[in-house]
Amino acid sequence: MSEKVILTCPHCGNTTPMDLLNKFEKVTTEEFYEGYEAQFNDIFEVFECPVCQGFHLFHTHWNTEEAYYEGFNIYEEGKLLYPYTERLNLYALPKNVRGAYESALRVQNIDEASCVITLRRTLEMVCKDKGATTGQLHQKLNHLQQTGVLPPLMGDISKVIKDIGNMAAHGDQVTFNKYMVESLFRFTNKILEYVYILPKEMKRIKFELEQMTAEETSEEAT
Ligand SMILES: [Zn+2]
């Protein structure tokens, strides 16, 4: 019988015993002092979900230098390497935008149509936050494009999300598969990054540069 580990499937969201298909363990040793060797173990495991047959790759680590409490679950500190998911810094988003985006994340693997509708709502929140409050969503998005909040390509991407969101909301006879949802997530991430995260990062880098120049000038003056 194959080995099983209880994990949450990143595809279908079920928490269930996963079949271990393959395992590779890399052991590194390091002599800390004479006669004592520390051991570091990196474990790579491929699991198959018995519910959706999707597979995922997990990395876990343990070593002889750390204390692990009884009942420690190595997978809780492990890292999912595949399927790759882009993670946004949610703390950089305004509260309403973040709330809508998190709702979309929660239903991503459960209900594709709801997820698409919630991504559309995330865009609504971006419009509201940026002062575009009148008219239909496409008019608000046009407004954001005209005022330069969204560059032309980002504006087009937003309209794609809006259209697909509308189809889902009106119960059109379309099925949304997970690849479609993944693309829409990627698009939404790009928009949120452009509107909220990049400006913050630019500001921080500019500030750091100013500090460096200020230090240089003060050094030159002395
Ligand atoms: Zn699954």
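Residues numbered from 1 in each chain as written. Predicted model: local features only at pLDDT ≥ 70, side-chain atom pairs only at ≥ 80, totals over all residues.

1. Quick notes on the packing of helix α1 (residues 95–107) against helix α2 (residues 112–129)
- Interaxial distance between α1 and α2 falls to 8 Å at its minimum, and their mutual angle equals 170 degrees. If you check the angle between α1 and α2, you find them roughly antiparallel. Residues N96, V97, A100, Y101, S103, A104 and V107 of α1 lie in contact with α2, whose contacting residues are S114, C115, T118, L119, R121, T122, M125, V126, K128 and D129.
- The residue makeup of the contact of α1 with α2, split by class, is nine nonpolar, five polar and three charged. (Axes fitted to C-alpha atoms, helices over the stretch in contact; angles between N-to-C directions. Helix = DSSP H or I, 4+ residues; strand = E, 2+ residues; numbered from the N terminus. Parallel < 35°, antiparallel > 145°, perpendicular 65-115°, else oblique. Contact = placed C-beta atoms within 7 Å. Nonpolar A, V, L, I, M, F, W, Y, C, P; charged D, E, K, R; others polar.)

2. Description of the sheet that holds strand β3 (residues 36–48)
- The strand order across the open sheet built from five strands is β1-β2-β3-β4-β5, with neighbouring strands paired in antiparallel fashion. Lying at the two open borders of the sheet, with one neighbouring strand each, are β1 (4–8) and β5 (79–82). Taking the axes of each pair of neighbouring strands and ignoring which way they run, one obtains an average angle of 40 degrees across the sheet.
- Where β1 and strand β2 (residues 15–33) come together, five bridges link them in antiparallel fashion. Note that in β2 the partner of V5 across the bridge is M18. (Pairing = 2+ DSSP bridges.)

3. Focus on the environment of L119
- By the secondary structure assignment, L119 is in helix α2.
- Taking the number of C-beta atoms within 10 Å as the measure of exposure, L119 has 26 and is therefore buried.
- Here the alpha-carbon distance between L119 and I161, two residues 42 residues apart in the chain, equals 7.4 Å.
- Setting aside its immediate chain neighbours within four residues, L119 contacts A104, I161, G165, L184 and T188. (Buried ≥ 20, exposed ≤ 12 C-beta atoms within 10 Å, placed from the backbone.)

4. Structural notes on the domain arrangement of the protein
- What the domain assignment lists for the protein is domain 1 (4–82) and domain 2 (90–209).
- Taking the mean C-alpha position of each, domain 1 and domain 2 sit 34 Å from one another. (Domains from an automatic or database assignment.)

5. Notes on the nonpolar core
- Counting residues in hydrophobic clusters, the biggest one holds 27 residues, and the most contacted among them are V116, L119, C127, I161 and L184.
- If one sorts the elements of this core by residue count, α2 sits on top with seven residues.
- L184 has contacts with V116, L119, I161 and I164, leaving out every residue within four places of it along the chain.
- Counting residues in each nonpolar core, the second largest holds six residues, with L7, M18, F47 and F58 among its members. (Core = buried A, V, L, I, M, F, W, Y, C linked by C-beta atoms within 7 Å.)

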